[in-house]
Amino acid sequence: MELKNVHKFSYEKILENLQVDRKTGLAKKEVENRLKQYGPNVLKQKSTISIWNILLTQFKNIIVILLIIASSISFFIGDIIEAIAIFAVIIINALFGFITEYRAEKSVEELKKMVTTHAKVLREGQVKKIEAADIIPGDILIIEEGDRITADGRLIEADNLAVDESTLTGESDAVNKITEEVEEDLPLADRKNMIYMGTAVTRGNGVAVITQTGKETEMGKISDLLSETEDEKTPLEEKLDELGKSLIVITLILAGIVSMLGIITGRDIIEMLKTGIALAIAAVPEGLPAVATITLAIGMSKMAEHNALVKSLPAVETLGSTTVICTDKTGTLTENQMTVKQIYFYKRNIAVTGTGYRPTGDFKENNKKIDIKNDSDLPLFLKAAALSSNAVLNKKEDIWEVVGDPTEGALISAAKKGNISKEELENGDYKRTDEIPFTSEKKFMATSYQIKDNSQYIYLKGAPDVVLNMCSKLKIGEEIVNLEKDHIDKFEKINHKMGQKGLRILAVAYKEKDKEDIRDDIKNNLILLGFTGLMDPPRPDVKDSIKTAQKAGVRTIMITGDQSDTAHAIGKKVGIGDHAQKPITGTELHQFSLKQLKDKIRTHSIFARVAPQDKLDIIDALNENNEVTAMTGDGVNDAPALKKADIGVSMGQRGTAVAREASNMVLLDDSFKTIVIAIKQGRVIFDNIQKFIHYLFSCNLSEILFIFIGILLQLPTPLLALQILWLNLVTDVFPALVMAWEQPEENVMDKKPRSPDRAILSNKFKIKIGIQGIILTMGPLLTYMYALNHFNLTEGRTIGFMTLAFVQLFHVFNVRRKNGLGFDKSLLVNKYLWGAIAITTTLQLIVVYLPFLQNIVHTTMLTINMWYIVLIGSIGPVLLIQIFYYFKNKLNKNKK
C-alpha cells in the first residue's frame with residue numbers, strides 16, 4: 001500500500017504495511033536501513049542567492065549597458081578621460097543598486113528552523129528522545145500537551161488529544177483528534193486521525209505511527225511550493241524595463257541620423273562619433289536607476305513610520321496599483337484569539353465586550369453595564385466555565401497568551417473580566433478532585449471540586465445539545481426550576497440564532513456532588529446555567545479599512561482554511577462578499593477549470609476550507625484576470641501565496657517567521673488598516689515617480705534637441721559628452737530626487753487603481769514631455785546662437801551649457817504638481833526642494849569657476865554680462881509653461 005490518504009485506513013493496516021510493532025517500535029538495524037532509504041527528516045532547502053549574482057544583476061540594466069557601450073567607444077577613439085568618467089558612473093550606480101537591493105532568501109531556512117526539535121519515539125521497546133531529523137516512517141511517536149509535532153503520522157492512541165493546526169489550515173480552533181479511519185478525499189483540516197509536522201499539541205496526549213517525513217510531509221509540500229514559486233516582476237519593474245528598451249531604439253535612431261547628417265555635410269568622422277556618443281548619453285537618463293531606487297527607499301522609510309516594513313523596493317509602488325487584496329481570515333481579519341462575545345441565561349442576553357485574551361471588558365444587558373457582584377447569574381456561570389477548563393492564561397510583556405485550548409482560554413479570560421480567577425480559586429478554597437476530559441465523542445468536559453466547607457460541586461461545559469440532555473433543572477435568577485420542554489425549545493432557538501452569527505456555542509451547567517463517581521453523578525441530573533457564544537472576532541478597524549479600500553477601487557477577497565459558516569459570518573461582519581452567496585470551498589474549487597475559476601472569482605469573494613495549493617490557484621486566476629494581487633497572511637500556509645502574489649503582506653507580531661520572510665511587506669502592528677495606509681502611500685509614490693520621470697525625460701529631451709538642432713543648423717556641437725554627463729548626473733538628479741518628498745495630490749484615494757497594463761509614459765504624457773522639451777530647448781539654443789556671435793566657442797558653449805542647466809533646474813516648478821502650477825501653498829512644505837536648488841546652483845558655479853573642473857568639463861569663467869544672458873534664457877521657458885498651465889486650469893475649472 002502506498003502511503004497516501006492514510007487517514008482512510010485503520011491504524012492496524014498502517015502498522016502492518018510499515019512492518020512495525022506498536023508495543024516495541026523499530027529495531028536499531030531497521031532504523032539504520034530506513035534512514036538510508038528515506039533520508040533525514042528535514043525540509044528541502046533552497047540555495048541562497050549568490051552575492052556575485054546580485055552584483056551581476058546591477059550590470060544587466062538597459063541603461064547601464066548603453067553607458068558601457070558609450071564608454072567603450074570613447075576609449076577606442078582616444079577620449080580616455082571621458083571613458084573613465086562614464087565607467088565611474090557605471091560603477092557608482094552598480095554599487096548603489098547592490099547595497100540597496102541586497103536581500104537574502106531565507107524562507108525555507110526559516111521553515112527548517114521552525115520544525116527542528118526533539119521527539120520521543122518508541123524503539124526496541126524503550127522510549128527514546130531523538131533529534132527530529134532522525135525520525136523515519138514506521139517510528140512510534142509519543143506526543144503530549146505542549147509538544148510540537150515533528151512529522152506526519154496516523155494516530156494509534158488519542159487521550160483527550162487536541163492539536164492546534166492553524167499554521168497549516170488557518171483554523172483558529174484546536175482540532176479534537178480521533179483514532180478511527182475517516183472517509184476519503186477530506187480536506188486537510190478534517191483528517192482528525194492524522195497529525196502533521198509543525199503543528200502543536202494543546203491538550204491531552206497520544207501515540208502515532210509516522211507515515212511521512214521531510215519533504216513528503218504536508219509542511220514539506222509547502223516548502224516545495226515556496227522554493228518552486230518564482231518571484232515575478234512587479235508592474236514598476238516591468239514598466240521601467242519597457243522604458244529602457246524604448247531608449248535603445250531612440251538612441252540608435254538619433255545617433256544614426258546625426259552621424260549620417262554629419263558625414264553628408266562633410267564633418268570629420270571622429271567628430272561625428274563623439275557627437276553620436278554625446279547624443280547617446282543625452283538620450284539616456286543616467287540618474288533614472290539611482291533616483292528610482294532612492295525614491296522607493298524614501299517610500300520605504302515613510303511606510304515604516306506607519307508600521308509597514310517594506311523589504312523590496314519595487315513593492316513600495318506596487319501597493320499603489322493593487323486591485324485585489326487576498327487576505328487570510330485567522331489573524332489577519334480576526335484577532336486569532338477566541339473571545340466570549342455573548343452569554344445567554346433564560347430570558348437574559350448578556351453582551352461581553354473586549355477582544356482577544358486580554359481580560360479587560362464589561363458585561364452589558366440592554367446596553368447597560370452589569371454590576372457583577374450583585375448579579376444573580378453571572379458569578380456562578382463564570383466560575384463554572386473557568387473551573388471546567390484546563391487552559392492557563394499568561395501575560396508576556398503586554399500580550400496575553402494561552403497555554404492549552406484556545407476556547408478554554410477565552411472562558412478563563414471572560415471570568416477574569418468578572419474578577420473571577422481560576423488560579424486564585426484553586427489556590428484558595430477549591431481543590432479539584434476529579435475530571436472527565438473533553439473528547440470529540442463525549443463533547444463535554446466535567447470537573448469536581450471540594451470546597452473548604454466540605455461541600456463538593458461538579459462543573460461542566462460542552463456542546464449545547466449534549467448538555468441539555470444531561471440537565472434536569474434550570475437556574476433562573478435565584479430560583480432553580482425543573483427544565484421543561486418550553487425551556488429547551490427556547491434554548492434551542494437561541495443556539496440556532498447564535499450559530500447564524502458565526503459563534504461557537506457552549507452550554508455550562510453545575511450541580512452539588514452527591515455520588516462517589518462523577519461519571520454517575522452527571523447523568524441527567526445537572527442544573528443548566530446558560531449558553532455562551534465565542535468567536536475569533538474581527539479586528540476593530542477592519543470594517544472601515546475594507547470600506548476605504550472599496551472606495552479606492554480595491555477589492556478584498558477572504559481565503560481561509562476555516563469552516564464555511566465561520567468565514568461567511570466574518571465576511572458579513574467586515575463587509576466582504578455578497579451576503580446572499582455561500583463561500584466556495586476547497587473541495588468545490590478543485591472541480592473548477594482555470595477558466596471557470598476566473599469567472600467565479602469575479603463574483604465570489606469568500607473561499608473556505610482551502611489548502612496552500614488552492615490559494616496559489618486563486619492567485620493565478622486573479623493574475624489571469626489582469627489583477628494586481630496583494631496577499632496578506634500570517635501562517636506557514638500563507639507563505640507560497642505571499643511569494644506568488646504581486647506583493648505579499650505578512651503580520652509582524654503574530655506572523656510566523658516563514659510568512660515574514662516570504663513576504664514583501666511586514667505589518668509591524670498586524671493591522672489591516674495599515675495595508676490601506678500603505679496603498680495610499682504606494683499611490684503617492686507612483687505619482688512622485690511619474691514626476692521625476694517627467695522631469696528627467698523632458699530635461700534629457702531638451703539636451704537631445706539642443707544638440708540635434710544645433711547640428712542641423714550647422715553650428716559647432718553645442719554640448720560635449722562630459723558636459724551632458726554632468727547635467728544628467730549632477731544638475732538633474734537632485735531636483736528629480738526631491739520629488740520623492742512631494743505632498744500627496746488631492747483625492748489620491750478617490751480614484752480607481754492604475755491599470756497594470758497602463759504604461760508609465762502614456763501618449764498624453766509623452767505629448768506633454770515633448771512640448772515641454774521643445775520649449776525648454778529654445779532658451780539655451782537661442783542664447784548659444786547669440787553667444788557664438790559675441791564670444792569665442794568655449795565661452796559660447798559654456799553659456800549654452802549653463803543656460804540649459806538652469807532652465808532644467810527651474811523646470812522642477814513645472815513638474816512638482818500634476819496641474820503644472822508649481823508655485824502654490826505647498827511650495828514651502830517640501831524643504832528638500834530648496835536644498836536641491838541650493839546644492840545644484842553651487843555645483844554649477846563650481847564647475848565654471850574651479851580650474852580643475854574647467855579642464856575636465858571644458859568650461860570657462862562667465863562675466864556678469866554673460867550671466868544676464870543665462871538668466872534670461874533659463875527663466876523665459878519656465879514662465880511660458882507656467883502661463884500656459886494657468887490658463888489651462890482656469891479653463892478646466894470654468895467647464896466644471
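No experiment lies behind these values; they were computed from the predicted model shown.

1. Details of the overall build of the protein chain
Right, on to step 1. Within the protein chain one finds 35 helices and 28 strands.
Right, on to step 2. For the protein chain, buried positions account for 56% of its 896 residues.
Right, on to step 3. For the protein chain, restricting intrachain contacts to residue pairs at least 6 apart in sequence, the fraction spanning at least 24 positions comes to 71%.
Right, on to step 4. For the protein chain, the accessible surface area stands at approximately 38,600 Å², while carbon and sulfur atoms represent 55% of it.

2. Some thoughts on the sheet that holds strand β23 (residues 555-559)
Right, on to step 1. Read from one edge to the other, the open sheet built from 8 strands follows the order β8-β28-β27-β26-β9-β23-β25-β24, with strand pairing classed as mixed. On the outer flanks of this sheet lie β8 (308-310) and β24 (584-585), each paired with one strand and no other.
Right, on to step 2. The strands touched by helix α23 (residues 594-603) within the sheet are β23, β24 and β25 (606-608), with β23 carrying the most contacts at an inclination of about 115°.

3. Some remarks on helix α33 (residues 831-849)
Right, on to step 1. Taking 1.5 Å of rise per residue, 19 residues should cover 27 Å, and α33 covers 28 Å from first to last C-alpha, within 8% of that figure.
Right, on to step 2. Here α33 has its buried residues at Leu833, Ala836, Ile837, Thr840, Gln844, Val847 and Val848. Seen along its axis, α33 keeps its buried residues to an arc of 100°; they face one direction.
Right, on to step 3. Taken together, the buried residues of α33 touch α28 (721-731), α29 (733-737), α31 (793-810), α32 (812-815) and α34 (851-857).

4. Regarding unusual backbone geometry
Right, on to step 1. Non-glycine residue Asn367 carries a positive phi angle of around 65°.
Right, on to step 2. On the secondary structure map, Asn367 appears in the loop between β12 (363-365) and β13 (368-369).
Right, on to step 3. The exposed category is assigned to Asn367, whose relative accessible area is 74%.
Right, on to step 4. You will see that Asn419, though not glycine, has its phi angle at about 60°, which is positive.
Right, on to step 5. Following the sequence through the fold, Asn419 ends up in the loop between α15 (406-417) and α16 (422-427).
Right, on to step 6. Judged by relative accessible area, which is 71%, Asn419 ranks as exposed.

5. Examining a positive patch on the surface
Right, on to step 1. Positive charge collects at one region of the surface, where Lys347, Lys490, Lys493, Lys497, Lys501, Lys543, Lys547 and Lys573 lie side by side.
Right, on to step 2. Listing elements by their share of the positive patch, those giving two or more residues are α18 (485-500) and α20 (542-551).
Right, on to step 3. Broken down by element, the positive patch gets its largest block of residues, 3 residues, from α18.
Right, on to step 4. Tracing the backbone shows Lys490 in helix α18.

6. As for the nonpolar core
Right, on to step 1. Membership of the largest hydrophobic core comes to 122 residues, with the highest contact counts inside it found for Ile522, Leu528, Phe531 and Met665.
Right, on to step 2. Other than its neighbours up to four places away in sequence, Met665 contacts Met303, Ala308, Leu309, Val310, Leu319, Gly648, Val649, Ser650 and Ala678.
Right, on to step 3. If you look at the next biggest cluster of nonpolar residues, it comprises 39 residues, including Ala386, Leu393, Ala414 and Tyr449.

7. With respect to the packing of α28 against α31
The relative placement of two packed helices comes down to the angle between their axes together with the axis-to-axis distance.
Right, on to step 1. Relative orientation of the contacting elements α28 and α31 amounts to 20°, with a least axis distance of 11 Å. Compared by their axis directions, α28 and α31 come out roughly parallel. When you trace α28 past α31, the crossing you get is right-handed. For the pair formed by α28 and α31, the contact residues are Gln723, Trp726, Leu727 and Thr731 on the first element and Arg797, Phe801, Leu804, Ala805 and Gln808 on the second.
Right, on to step 2. Taken together, the residues of the contact of α28 with α31 break down into 5 nonpolar, 3 polar and 1 charged.

8. Things to note about α31
Residues separated by three or four positions in an α-helix point in the same direction, a consequence of the helix having 3.6 residues per turn.
Right, on to step 1. With 18 residues, α31 should reach 26 Å at 1.5 Å per residue; the first-to-last C-alpha distance of 26 Å fits that figure.
Right, on to step 2. Most of α31 sits out of view: 14 of its 18 residues are buried.
Right, on to step 3. Here α31 starts with a cap whose side-chain oxygen sits 3.2 Å from the backbone nitrogen of Thr794, and that cap is Asn792.

9. Examining the side chain of Thr585
Right, on to step 1. Summarising the element assignment, Thr585 is placed in strand β24.
Right, on to step 2. Beyond its immediate chain neighbours, meaning those up to four positions away, Thr585 contacts Ser564 and Ala608.

10. What to know about the pattern of salt bridges
Right, on to step 1. If you walk through the whole model with that rule in mind, you get 32 salt bridges.
Right, on to step 2. For Asp375, the salt bridge goes to Arg348, with nearest N and O atoms at 2.9 Å. Pair noted here: Asp375 is in the loop between β13 and α14 (378-387) and Arg348 is in strand β11 (residues 348-352), with a separation of 27 residues, a long-range link. In terms of burial, Asp375 and Arg348 fall into one category: buried.
Right, on to step 3. Close ionic contact of Arg602 with Asp599 constitutes a salt bridge, the shortest N to O distance being 2.9 Å.

11. Topic: the packing of α28 against α33
Right, on to step 1. One way to put it is that α28 packs onto α33 with a least axis distance of 11 Å and a crossing angle of 155°. Between α28 and α33, the crossing angle belongs to the class labelled roughly antiparallel. Crossing geometry of α28 relative to α33 is assigned as right-handed. Judged by residue contacts, Trp726, Val730 and Thr731 of α28 engage Thr840, Leu843, Gln844 and Val847 from α33.
Right, on to step 2. Grouping the constituent residues of the contact of α28 with α33 by class yields 4 nonpolar, 3 polar and no charged.

12. Thoughts on a nonpolar patch on the surface
Right, on to step 1. On the surface, a nonpolar cluster with roughly 570 Å² of combined accessible area is contributed by Ile65, Ile69, Ile73, Ile263, Ile269, Ile270 and Leu273.
Right, on to step 2. Of all elements in the fold, only α4 (62-76) and α10 (269-283) reach the threshold of two or more residues within the nonpolar patch.
Right, on to step 3. Secondary-structure assignment places Ile269 in helix α10.

13. Some details on the pairing of strand β20 (residues 479-482)
The two faces of the sheet receive side chains in turn, since in a regular strand these alternate between them.
Right, on to step 1. Two strands pair when backbone bridges link them, and strand β19 (residues 471-476) and β20 are joined in this way by 4 bridges, in the antiparallel orientation. By the bridge assignment for β20, Lys473 is matched with Asn482.
Right, on to step 2. Between the antiparallel neighbours β19 and β20 lie 2 residues, among them Gly477 with a positive phi of about 65°.

14. Side note on the packing of aromatic side chains
Right, on to step 1. A full pass over the atoms with the stated rule returns 15 aromatic pairs.
Right, on to step 2. Arranged with centres 6.0 Å apart and planes meeting at 75°, the rings of Phe806 and Trp867 form a pair that is edge-to-face. Placement of Phe806 in helix α31 and of Trp867 in helix α35 (residues 864-895) is noted, with a sequence separation of 61 residues between them.
Right, on to step 3. For Trp867, a relative accessible area of 14% gives the class buried.
Right, on to step 4. Ring-pair connections join several aromatic residues into one group, and the members of that group are Tyr430, Tyr449, Tyr457, Tyr459 and Tyr510.

15. Structural notes on the pairing of strand β17 (residues 444-451)
Right, on to step 1. Burial within β17 is extensive, with 7 of its 8 residues counted as buried.
Right, on to step 2. Pairing of strand β16 (residues 430-436) with β17, which is carried by 6 bridges, proceeds in the antiparallel orientation. By the bridge assignment, Ile436 is partnered in β17 with Ala446.
Right, on to step 3. Inspection of the sheet shows β17 paired to strand β18 (residues 456-462) by 7 bridges, in the antiparallel sense. Within β18, the residue paired with Thr447 across the bridge is Tyr459.
Right, on to step 4. Joining the antiparallel neighbours β17 and β18 is a turn of 4 residues, in which Asn454 adopts a positive phi near 75°.

16. A look at the environment of Ile769
Right, on to step 1. Mapping Ile769 onto the fold places it in helix α30 (residues 763-790).
Right, on to step 2. We classify Ile769 as buried; its relative accessible area is 7%.
Right, on to step 3. Along the chain, Ile769 and Leu701 lie 68 residues apart, while their C-alpha atoms are 8.1 Å from each other.

17. Digging into the confidence of the model for the protein chain
Right, on to step 1. Across the protein chain, pLDDT averages 82, with 85% of residues at or above 70.
Right, on to step 2. At the level of individual helices and strands, the protein chain shows its lowest average pLDDT in helix α6 (residues 107-115), which scores 38, and its highest in α14, which scores 96.
Right, on to step 3. The low-confidence segment residues 103-116, where pLDDT is below 50, has 45 contacts with residues more than four positions distant or belonging to other chains.

Procedures and definitions
Along each chain, the written sequence defines residue order, and numbers are assigned to residues from 1. Reporting in this predicted model follows two pLDDT cut-offs: at least 70 for local features of residues, and 80 or more for side-chain atom pairs to be given and counted; totals over whole chains, interfaces and linings ignore these cut-offs and use all residues. To obtain the side-chain values, all non-hydrogen atoms of the structure were used and water was disregarded. The secondary structure listing takes helices from DSSP runs of H or I that are at least 4 residues long and strands from runs of E that are at least 2 residues long, numbered from the N terminus. Think of it in three bands: residues with accessible area under 20% of the maximum for their type are buried, residues over 50% are exposed, and the middle band is partly exposed, with areas taken using a 1.4 Å probe on protein chains only. Residues are treated as being in contact if the distance between any of their heavy atoms lies within 4.5 Å. Values of accessible area rely on a 1.4 Å probe in the Shrake-Rupley scheme; residue burial ignores everything except the protein chains shown. Any two strands are treated as partners once DSSP identifies two or more bridges connecting them. To obtain an axis, a line is fitted to C-alpha atoms, over the contacting stretch when the element is a helix, and the angle between two such axes runs from 0 to 180 degrees between their N-to-C directions. Given a helix with a known number of residues, its expected span is that number minus one, times 1.5 Å. An arc is given here, and it is the one of the directions from the helix axis to the C-beta atoms. Any residue with relative accessible area above 30% and no salt bridge may belong to a patch, with like charges joined within 9 Å and the nonpolar Val, Leu, Ile, Met, Phe, Trp and Tyr side chains within 5 Å. We count a salt bridge whenever a side-chain nitrogen from Lys or Arg sits within 4 Å of a carboxyl oxygen from Asp or Glu. This count recognises Lys and Arg as positive and Asp and Glu as negative, with His and chain-terminal groups excluded. The location of each charge is read from NZ of Lys, CZ of Arg, CG of Asp or CD of Glu. To define a nonpolar core, start from buried Ala, Val, Leu, Ile, Met, Phe, Trp, Tyr and Cys residues and group those joined through side-chain atoms within 4.5 Å. Working rule for angles: under 35 degrees goes down as roughly parallel, over 145 as roughly antiparallel, 65 to 115 as roughly perpendicular, anything else as oblique. Take the far helix as the reference: if the near one is turned anticlockwise from it by less than a right angle, the crossing is left-handed, and if turned clockwise, right-handed. Three residue categories are used. Nonpolar comprises Ala, Val, Leu, Ile, Met, Phe, Trp, Tyr, Cys and Pro, charged comprises Asp, Glu, Lys and Arg, and polar comprises the others, including Gly. Under this definition, polar contacts are N or O atom pairs within 3.5 Å; protein pairs additionally need one hydrogen-donor-capable and one acceptor-capable atom, and for neighbouring residues in sequence, both atoms have to be side-chain atoms. For Phe, Tyr and Trp, where Trp contributes only its six-membered ring, two rings pair if their centres lie within 6.5 Å, and the inter-plane angle classes them as stacked under 30 degrees, edge-to-face over 60, or tilted in between. Residue-level confidence of the predictor is summarised by pLDDT, bounded by 0 at the bottom and 100 at the top.

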